[in-house]
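# Architecture at a glance
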Amino acid sequence: MKCRKCGGTAVLELRRHNAAFCETDFVEFFRNQVREAIRRHRMFDRDERVLVAVSGGKDSLALWDVLLDEGYRASGLYLDLGIFDYSVESRAKCETFAAARHAELLVVSVAETVGAPVPVIKEATRRPPCSGCGLSKRYLMNRAALEHEFPVVATGHNLDDEAATLFGSVMHWQTDALPRQSPALASTHPKLVRRVKPLYRLSERETAAFAFVRKIDYIVEECPFAKGATSIQHKEILNRMEDASPGAKHNFLFGFLEKARPAFERAEAVTLNECARCGQVTTGTVCAFCKLSDQVKRAR
Ligand code: AMP
Ligand code: FES
Ligand code: ZN
């Protein structure tokens, strides 16, 4: 196998691109895909500060690595979910990365803000742990960005994540979720920051290879509550399709973004209010996060 760029020995074959790369040219290919994502969706400008939500996993640390190397003023945000050793280790990975790169890392604790860590929220709500967890993550990312005056939050969602989410939404025809599936969500209210996913053009395998080549030390274990999650099953199905026909995931997601997504965009805009309790954006009077913390407090 020869590198498409330099003709040297290739270390990685990318079947969906019908290409193979040596280490150096793969890193350049990866950064180019991120540049293209940022440019195409006008994710952020050179003069804007970017808050990168980092979980300690390969994707978000790879993203932070690229943005710092590209010269962006990118700070990290780690949300401590309080999930036993998993959280202790993933936080340590983020702190080590931040220290090595002399980058700022903000840490927000779910236990302090919601009133209990994710495992206790799970018991209090009797809902799957990921529902209270996902809600808290989205809320706290936005709140931290506002408090620290970042106009935009970037997450490490990759092509596999996005294709699996789309697959799940289509399986259940969750038509209200489809317009929100996008590499870039604009701010629709002064208290909502922009949300972007600069890795949406890169697969999980590619981010793993990038993290390896760049010697990024990340947490390999998944969250202990993720076992058996439908999103993982959807990823397995899509991987089987990808094996049989390289590019399947890409075509599924990109076809949706280009051809189908506009059809699901709602004509009428939803009215956004400020939560009567915390002031963050909600479609009702009290936001879902405040309701969740009430529920947790009552249960304790
Ligand atoms: P996941 O939903 O775990 O696949 O994570 C998707 C993205 O959300 C990651 O790439 C991160 O950008 C962000 N994220 C997940 N967990 C955390 C966390 N504990 N703290 C900060 N960001 C996170
Ligand atoms: Fe949220 Fe696992 S429950 S990361
Ligand atoms: Zn609220």
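The text that follows walks through the structure, step by step, so that each part is easy to find. (Residues numbered from 1 in each chain as written. Chains lettered and ligands numbered in written order. Predicted model: local features only at pLDDT ≥ 70, side-chain atom pairs only at ≥ 80, totals over all residues. Heavy atoms only, no water.)

## Side note on the pattern of salt bridges
This structure, assessed with the given rule, holds 26 salt bridges. Across the salt bridge formed by Lys 93 and Asp 217, the nearest N and O atoms sit 3.2 Å from each other. Highlighted residues: Lys 93 in helix α3 (residues 84-101) and Asp 217 in the loop between α8 (204-213) and α9 (230-244), separated in sequence by 124 residues. Judged by its relative accessible area of 22%, Lys 93 falls in the partly exposed class. (Salt bridge = Lys/Arg side-chain N within 4 Å of Asp/Glu carboxyl O. Helix = DSSP H or I, 4+ residues; strand = E, 2+ residues; numbered from the N terminus. Buried < 20%, exposed > 50% of the residue type's maximum accessible area, 1.4 Å probe, protein only.)

## Let's talk about the coordination of the zinc ion (ligand 3)
Reference geometry at the metal: tetrahedral coordination by four donors gives ideal angles of 109.5 degrees; octahedral coordination by six donors gives 90 or 180 degrees. Coordination of the zinc ion (ligand 3) by the protein comes from Cys 275 (SG), Cys 278 (SG), Cys 287 (SG) and Cys 290 (SG), over a distance range of 2.2 to 2.4 Å. Each donor residue of the zinc ion (ligand 3) lies on the same chain, and together they follow the pattern C-x2-C-x8-C-x2-C. With Cys 275 in the loop between β9 (273-274) and β10 (281-282) and Cys 290 in helix α11 (residues 288-299), this residue pair connects regions lying 15 residues apart in the sequence. Cys 275 gets classed as buried once you look at its relative accessible area, which sits at 4%. For Cys 290, a relative accessible area of 8% translates into the label buried. (Donors = N, O, S within 2.8 Å, 3.2 Å for Na, K, Ca; no water.)

## With respect to the packing of helix α7 (residues 159-171) against helix α10 (residues 248-264)
Contact geometry of α7 with α10 gives a least axis separation of 9 Å together with a crossing angle of 65 degrees. Classified by the angle their axes make, α7 and α10 are roughly perpendicular. Where α7 crosses over α10, the two elements pack in a sense that is left-handed. Contacts from Leu 159, Asp 160, Glu 162, Ala 163, Leu 166 and Phe 167 of α7 reach α10 at Lys 249, His 250, Phe 252, Leu 253, Phe 254 and Phe 256. Residues of the contact of α7 with α10, tallied by class, amount to eight nonpolar, one polar and three charged. (Axes fitted to C-alpha atoms, helices over the stretch in contact; angles between N-to-C directions. Parallel < 35°, antiparallel > 145°, perpendicular 65-115°, else oblique. Left-handed = near helix turned anticlockwise from the far one by under 90°. Contact = heavy atoms within 4.5 Å. Nonpolar A, V, L, I, M, F, W, Y, C, P; charged D, E, K, R; others polar.)

## Side note on a positive patch on the surface
A cluster of basic residues, Arg 138, Arg 180, Arg 195 and Arg 266, forms a positive patch on the protein surface. Within the element layout of this structure, Arg 180 appears in the loop between α7 and β7 (184-185). (Patch = residues over 30% accessible without salt bridge, like charges linked within 9 Å, V, L, I, M, F, W, Y side chains within 5 Å. Areas by Shrake-Rupley, 256 points an atom, 1.4 Å probe, with all protein chains shown as cover. Lys, Arg positive; Asp, Glu negative; His and termini not counted. Charge placed at Lys NZ, Arg CZ, Asp CG, Glu CD.)

## A closer look at the environment of Asp 80
Note on placement: Asp 80 falls in strand β4 (residues 73-80). The exposure class assigned to Asp 80 is buried, which follows from its relative accessible area of 18%. If sequence neighbours within four positions are ignored, Asp 80 has contacts with Ser 87, Arg 91, Val 108, Ser 109, Val 110 and Ala 111. Within the structure, Asp 80 has its side chain in polar contact with the backbone nitrogen of Gly 82 (distance 3.0 Å). (Polar contact = N/O pair within 3.5 Å; in protein donor to acceptor, adjacent residues only side chain to side chain.)

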